[in-house]
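So the chains spell out like this:
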Amino acid sequence: MGNVFPPGFAALEPFADWAVRGERARYAKRVSSTMEELQAFYDVAYPLLRQNTDYLENLSLDDIGDQDKHLLWAFCALVTVAFPVEAWGQPRVPDSGPSSIDAVIEPAV
């Protein structure tokens, strides 16, 4: 099997399971993960995003390839884990009980 992500993003390969399509799938991945797993992903993905924002900004969504699509999904997952890692210290929103958020419309990518 080839690389999931484009060249230059090899550090993300151990976290390929975070490259999932759809907000619901990313949320399910987040709440079923431990804080150690969230932190490990965050610690690798966040610096890569900061260093390579221009790469993502210059992608053409009209003819996006699989590796770039997986990269985009991984960075969407990074957004999903940022608050738990940076603020809450837990995968779920504190004091939210059984509430959830459902995306009504999502990007086509």
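See the structure shown above.
Below or above, wherever it landed, is the structure these notes cover. (Residues numbered from 1 in each chain as written. Predicted model: local features only at pLDDT ≥ 70, side-chain atom pairs only at ≥ 80, totals over all residues. Heavy atoms only, no water.)

## Comments concerning helix α2 (residues 35-57)
Working note: α-helix, 3.6 residues per turn, so residues spaced by three or four point in the same direction.
For step 1, the next point in the chain: Of all the bends in α2, the largest measures some 65° and sits at glutamine 51.
For step 2, the next point in the chain: Residues Met35, Leu38, Phe41, Tyr42, Ala45, Leu48 and Leu56 constitute the buried set of α2.
For step 3, the next point in the chain: Buried residues along α2 sit in contact with α1 (23-31) and α3 (66-88). (Bend = angle between axes of the 7 residues up to and from the residue. Helix = DSSP H or I, 4+ residues; strand = E, 2+ residues; numbered from the N terminus. Buried < 20%, exposed > 50% of the residue type's maximum accessible area, 1.4 Å probe, protein only. Contact = heavy atoms within 4.5 Å.)

## Focus on the packing of α2 against α3
For step 1, the next point in the chain: Axis separation between α2 and α3 bottoms out at 8 Å; the angle between their running directions is 125°. In terms of orientation, α2 lies oblique with respect to α3. Crossing of α2 against α3: the hand is left-handed. Residues Met35, Leu38, Gln39, Phe41, Tyr42, Ala45, Tyr46, Leu48, Leu49, Tyr55 and Leu56 of α2 form the contact with α3, whose own contacting residues are Asp68, Leu71, Ala74, Phe75, Ala77, Leu78, Val81, Ala82, Pro84, Val85 and Glu86.
For step 2, the next point in the chain: Residue classes in the contact of α2 with α3 are distributed as 19 nonpolar, one polar and two charged. (Axes fitted to C-alpha atoms, helices over the stretch in contact; angles between N-to-C directions. Parallel < 35°, antiparallel > 145°, perpendicular 65-115°, else oblique. Left-handed = near helix turned anticlockwise from the far one by under 90°. Nonpolar A, V, L, I, M, F, W, Y, C, P; charged D, E, K, R; others polar.)

## Examining the packing of α1 against α3
For step 1, the next point in the chain: Between α1 and α3, whose axes approach to 10 Å, the crossing angle comes to 40°. Put simply, α1 runs oblique to α3. The two elements α1 and α3 meet at a crossing, and its hand is right-handed. In contact with Arg26, Tyr27 and Arg30 of α1, α3 contributes Trp73, Cys76, Ala77, Thr80, Val81, Pro84 and Trp88.
For step 2, the next point in the chain: Class assignment for the residues of the contact of α1 with α3 results in seven nonpolar, one polar and two charged.

## A closer look at α3
For step 1, the next point in the chain: With 23 residues, α3 extends 33 Å between its outermost C-alpha atoms, agreeing within 8% with the 33 Å of an ideal straight helix rising 1.5 Å per residue.
For step 2, the next point in the chain: Taken together, the buried positions of α3 are Asp68, Leu71, Trp73, Ala74, Phe75, Ala77, Leu78, Thr80, Val81, Ala82, Pro84 and Val85.
For step 3, the next point in the chain: Looking at the buried residues of α3, the elements they touch are α1 and α2.
For step 4, the next point in the chain: Positive phi shows up at glycine 89, right after α3, with a value of about 70°. (Expected span 1.5 Å × (residues − 1).)

## What to know about the packing of aromatic side chains
For step 1, the next point in the chain: Under the definition given, this model contains six aromatic pairs.
For step 2, the next point in the chain: Consider the rings of phenylalanine 15 and phenylalanine 41, whose centres lie 5.9 Å apart with planes at 55°: the pair is tilted. Placement of the pair is phenylalanine 15 in the segment before α1 and phenylalanine 41 in helix α2, with a sequence separation of 26 residues.
For step 3, the next point in the chain: Take phenylalanine 41: its relative accessible area is 0%, and that puts it in the buried class.
For step 4, the next point in the chain: Cluster of aromatic residues (ring-pair linked, three or more members): Phe9, Tyr55 and Phe75.
For step 5, the next point in the chain: The residue whose ring lies beneath lysine 29 is tryptophan 18, and the NZ or CZ to ring-centre distance is 4.8 Å. (Phe/Tyr/Trp six-rings, centres within 6.5 Å; stacked < 30°, edge-to-face > 60°. Lys NZ or Arg CZ within 6 Å of the ring centre and 35° of its normal.)

Note that every value here comes from positions in space, so none of it alone points to a role or purpose.
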